[in-house]
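# Descriptive analysis of the structure
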Amino acid sequence: MKTTSLIGILSGAFVVVPTLLSAQDQKRPNVILIYTDDQGALDMNCYGASDLHTPNMDALAKKGVRFTQFYAAPISSPSRASLMTGQFTRRAGLWSNAGGANCLPAEKTTIAERMKAAGYATGLIGKWHLGENLEVSPNAQGFDYFFGHKVGCIDNYSHFFYWSGPNRHDLWRNENEVFYDGQFFPEMNVREIKNFVNDHKDQPFFLYWATNLPHYPLQGFPKWQEYYNQLDYPRNLYAAFLSTLDEMLGEVLKFLENKGLIDNTIIIFQSDNGYSVEQRNHYGGGYAGKYRGAKFSLFEGGIRVPAIISWPGKLPQGQVRDQIAMNVDWFPTIVELCGLSGSDPEIDGKSLVSVIMDNKKLSQHDALFFDSDRRQWAVRKGDWKLIGYPEDPVNPKNITESDSLFLSNLKMDIAESKNLIKEYPKIAEELKGLRGAYLKSIKK
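The shown structure was predicted, so the numbers you read here are calculated from the model rather than taken from an experiment. (Residues numbered from 1 in each chain as written. Predicted model: local features only at pLDDT ≥ 70, side-chain atom pairs only at ≥ 80, totals over all residues. Heavy atoms only, no water.)

### Considering the packing of aromatic side chains
This model, assessed by the stated rule, comprises 24 aromatic pairs. Here the aromatic residues Y35, W128, F143, F206 and Y208 are joined through ring pairs into a cluster of three or more. Above the ring of W95, the side-chain terminus of R90 is found at 4.1 Å from the ring centroid. In this arrangement the basic side chain of R292 is found over the ring face of F299, its NZ or CZ atom lying 4.2 Å from the centre. (Phe/Tyr/Trp six-rings, centres within 6.5 Å; stacked < 30°, edge-to-face > 60°. Lys NZ or Arg CZ within 6 Å of the ring centre and 35° of its normal.)

Printed below as a string of structure tokens:
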């Protein structure tokens, strides 16, 4: 159980935008937060992946605002910890993948707890990956209802942990292990979403759909495997799984429309990190264009992700935002859009409402901070980015000992192809100073 008091949690206030939610509004908007898994930085047709068929993702972008400089952590658990807490990964207390005692600290206040305290029904469908023990499970961290797996990945038909042994089943409804051998997990997700919405359609709900697609194992529908049979391996397998995800998304969107809920539902869509080049993912398949690196890396290909927000009739539609933003920003953005008072003084996220409503508004962040269990760290300020101990899983031999500090300017060189630290040592020192101040700000 949490020891933090509600008084402490609800101290402070966000300013509600009058044009979005007035005092006379009797029904707060629903929120569906969709978190995809290992989707590449540009792996959507509207982001430039012309070989992909993603009509439902593209339609969501046409009905909302799409970000082009949106960031997350380079791997699963830290990314989800930041999403849930609104804090950069080191402040959130989890900068490596969860396992055993390594988990999201139980005392952290999650967005689910904030929404639940405000009267929202809260549900998580899909992947947790923030801790397995009872005190750090989804039900202990603010979710009224949970259906899915607690660890990093499962086979979509047997629902066993998809890793090296031992074989281990991992499918849960709240704290009860459940067995649906042979049923396709993404389709089960959609069914659970429909049931949750039906059960709570008369009250505001916050639904976190942490889909495991397109994370390995790549088990797309046969029709999509046939559709992409002309693509090179392993792009064909990855694309088939991504279009399977798009189909599942379309079914959920159609359901919300048929229920008359789409106009009163904020939908947020984002990937947790870059695409994978792991052996279990056939050494690739995803797409990051000119961005260097992939999952596990603090180069752009590992941390720059697709992100969309849609709320028909209330937010702009068919627009693009190039301002720098991050997954930590969804926490305060949701709070403001839903008209909730209160904030956590330790939140690193900044509400994106002003940027969403006005393309001329500047990014709300002075700097972004990243950490990885592989001793990597990074700071981005403006167009400058400094990485400590960088890794490039796509081309690991391109990193030398002299690159232990790697400085790049993303406006001058989006591919981060050259280390500029010798040319701009003062800028590197400035970013190192920001990193030091950030570390000092974290309570021990």
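What follows continues from the structure just given.
### Looking at the pattern of salt bridges
In the structure shown here, the tally under the stated rule is 25 salt bridges. Across the pair R90 and D371 runs a salt bridge whose closest N-O atoms are separated by 3.1 Å. Here D371 lies in strand β11 (residues 368-371) and R90 lies in helix α4 (residues 89-92), a separation of 281 residues in the sequence. Taking relative accessible area as the criterion, D371 reaches 1% and is therefore assigned buried. Across the pair K432 and E429 runs a salt bridge whose closest N-O atoms are separated by 3.7 Å. Of this pair, K432 and E429 both sit in helix α12 (residues 425-440), three residues apart, which is roughly one turn of the helix. Each member of the salt-bridge network shares a partner with another, and the members are D37, R80, K127 and D272. (Salt bridge = Lys/Arg side-chain N within 4 Å of Asp/Glu carboxyl O. Helix = DSSP H or I, 4+ residues; strand = E, 2+ residues; numbered from the N terminus. Buried < 20%, exposed > 50% of the residue type's maximum accessible area, 1.4 Å probe, protein only.)

### Remarks on the sheet that holds strand β5 (residues 172-173)
Taken in spatial order, the ten strands line up as β6-β5-β4-β3-β7-β1-β8-β9-β2-β10 in an open sheet, and their pairing is mixed. In this open sheet, the two strands that pair with only one neighbour each are β6 (176-177) and β10 (319-326). For strand β3 (residues 121-127) and strand β7 (residues 205-210), the ladder comprises six bridges, and the chain directions are parallel. Residue pairing across strands places G126 opposite A210, the latter belonging to β7. Helix α2 (residues 55-62) rests against β2 (64-71), β8 (265-271) and β9 (307-310) of the sheet, and its axis sits at about 100 degrees to β2. Packed onto the sheet, helix α6 (residues 185-200) meets β3, β4 (145-149), β5 and β7 and runs at close to 175 degrees relative to β3. (Pairing = 2+ DSSP bridges. Contact = heavy atoms within 4.5 Å. Axes fitted to C-alpha atoms, helices over the stretch in contact; angles between N-to-C directions.)

### What to know about the side chain of R321
With respect to the helices, strands and loops of the structure, R321 is situated in strand β10. An unpaired buried charge is present at R321: no salt bridge exists, and D358, the closest side chain of opposite charge, is 6.4 Å distant. Among the polar contacts made by the side chain of R321, one reaches the side chain of Q319 at a distance of 2.8 Å. A polar side-chain atom of R321 sits 2.7 Å from the main-chain carbonyl oxygen of V355. Once you skip the residues sitting within four places of it in the chain, R321 turns out to touch V65, R66, F67, T68, Q69, P316, V355, I356, M357, D358 and N359. (Lys, Arg positive; Asp, Glu negative; His and termini not counted. Polar contact = N/O pair within 3.5 Å; in protein donor to acceptor, adjacent residues only side chain to side chain.)

### Some details on the sheet that holds strand β13 (residues 384-388)
If you trace the four strands from one edge of the open sheet to the other, you get β11-β12-β13-β14, paired in antiparallel fashion. Looking at strand neighbours, the two that pair on one side only are β11 and β14 (405-409), the edges of this open sheet. Sheet twist, expressed as the mean angle between neighbouring strand axes with direction ignored, is 15 degrees. Summarising the sheet, β11 and strand β12 (residues 377-381) pair through four bridges and their orientation is antiparallel. Of the residues in β12, the one forming a bridge with F369 is V379. Across the sheet, α12 is in contact with β11, β12, β13 and β14; its angle to β12 comes to roughly 115 degrees.

### A short note on α2
Of the positions making up α2, those classed as buried are M57, D58, L60 and A61. The arc that holds every buried residue of α2, seen down its axis, measures 155 degrees, which confines them to one face. Among the structural elements, β2, α8 (235-258), β8 and β9 are those in contact with the buried residues of α2. (Arc of directions from axis to C-beta.)

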